[in-house]
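# Inside the fold
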Amino acid sequence: MSEPPTTQLAGDLRIALAKLHRRLREQTRPHDLTSAQQSVLLRLDRDGPATVSALARAEGVKPQSMRMTVASLETMRAVRGDADPNDGRQTLISLTPAFRAELTARRAAKNDWLHRALQAQLSPREHAQLARAVALLQLLADY
């Protein structure tokens, strides 16, 4: 069996990942988060509280745009602002406990579905192959 050309491999990989991403999204209740909102929420979850300015720099947007995104997330009660204990002039944005619990539940639902799919669709040998592929995907993601 010959290896597929890199361009075909790239297209096949993109399609497979997109389909898998859609299937994982189906495992949680639908939500109306924009990609900017999702990105901010994931950053706050991963990196912890941050100022609007720091979020804007990290996301590569203007502070005014980030203020609008944060304001919409505050309206949804996904984030809240608290005075920075080191500089009372600054406000640190963080996930609310309720949203953090929702995020944990969403991840658990996705992980449960993926675990069941792995068990039902792949052999132990394929599990090992997938583990090696995941390592390669992580390298691509870090490029």
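In what follows, the structure referred to is the one given above.
These notes cover the structure that comes with them. (Residues numbered from 1 in each chain as written. Predicted model: local features only at pLDDT ≥ 70, side-chain atom pairs only at ≥ 80, totals over all residues. Heavy atoms only, no water.)

### Quick look at helix 5 (residues 97–121)
Put simply, the rule reads: Only DSSP runs of H or I reaching four residues or more are called helices, and only runs of E reaching two or more are called strands; each is numbered from the N terminus. The length a helix should cover is 1.5 Å for every residue beyond the first. The criterion used for residue contact is that any of the two residues' heavy atoms lie within 4.5 Å.
Helix length check: helix 5 (25 residues) gives 36 Å between terminal C-alpha atoms against 36 Å at 1.5 Å per residue, within 8%. Tucked inside the fold, the buried residues of helix 5 contact helix 1 (6–25), helix 2 (35–47) and strand 2 (87–95).

### Notes on the environment of Ala54
What counts is decided by this rule: Burial classification: accessible surface area is computed with a 1.4 Å probe over protein chains only, and a residue below 20% of its type maximum counts as buried, one above 50% as exposed, and the rest as partly exposed.
Along the chain, Ala54 turns up in helix 3 (residues 52–59). Classification of Ala54 by relative accessible area gives partly exposed; the value is 26%.

### Focus on unusual backbone geometry
In most cases, non-glycine residues show a negative phi, while peptide bonds are predominantly trans. Even without glycine at this site, Arg77 takes up a positive phi of about 60°. Considering the arrangement of structural elements, one finds Arg77 in the loop between helix 4 (63–75) and strand 1 (79–84). For Arg77, a relative accessible area of 67% gives the class exposed.

### What about the packing of helix 2 against helix 3?
Just so we agree on the cut-off: Helix axes are fitted to C-alpha atoms over the stretch in contact, other axes to C-alpha atoms as well, and angles between N-to-C directions run from 0 to 180 degrees. Oblique is the label for any angle not under 35 degrees, not over 145, and not in the 65 to 115 range, which are roughly parallel, roughly antiparallel and roughly perpendicular in turn. Each crossing is labelled by how the near helix is turned from the far one, with a counterclockwise turn of less than a right angle marking it left-handed and a clockwise turn marking it right-handed. Charged residues are taken to be Asp, Glu, Lys and Arg, nonpolar residues to be Ala, Val, Leu, Ile, Met, Phe, Trp, Tyr, Cys and Pro, and polar residues to be all remaining types, Gly included.
Interhelical geometry of helix 2 versus helix 3 gives an angle of 110° and a closest axis separation of 11 Å. Classified by the angle their axes make, helix 2 and helix 3 are roughly perpendicular. The hand of the helix 2/helix 3 crossing is right-handed. Each of Ser39, Val40, Arg43 and Leu44 in helix 2 lies in contact with helix 3, whose residues at this interface are Leu55, Ala58 and Glu59. Across the contact of helix 2 with helix 3, the residue classes break down as four nonpolar, one polar and two charged.

### What to know about the pattern of salt bridges
Selection rule: Any Lys or Arg side-chain nitrogen found within 4 Å of a carboxyl oxygen on Asp or Glu counts as a salt bridge.
Under the criterion given, the structure shown has ten salt bridges. Arg23 serves as the salt-bridge partner of Glu26, at 3.2 Å between the closest nitrogen and oxygen. Using a relative accessible area of 36% as the deciding quantity, one classes Arg23 as partly exposed. Notably, a salt bridge pairs Arg43 with Asp47, separated by 3.6 Å at the nearest N-O pair. Taken as a pair, Arg43 and Asp47 lie in helix 2 at a separation of four residues, close to a single helical turn. For Asp47, a relative accessible area of 48% corresponds to the partly exposed category. Connected through shared salt-bridge partners, Arg43, Arg46, Asp47 and Glu59 make up one network.

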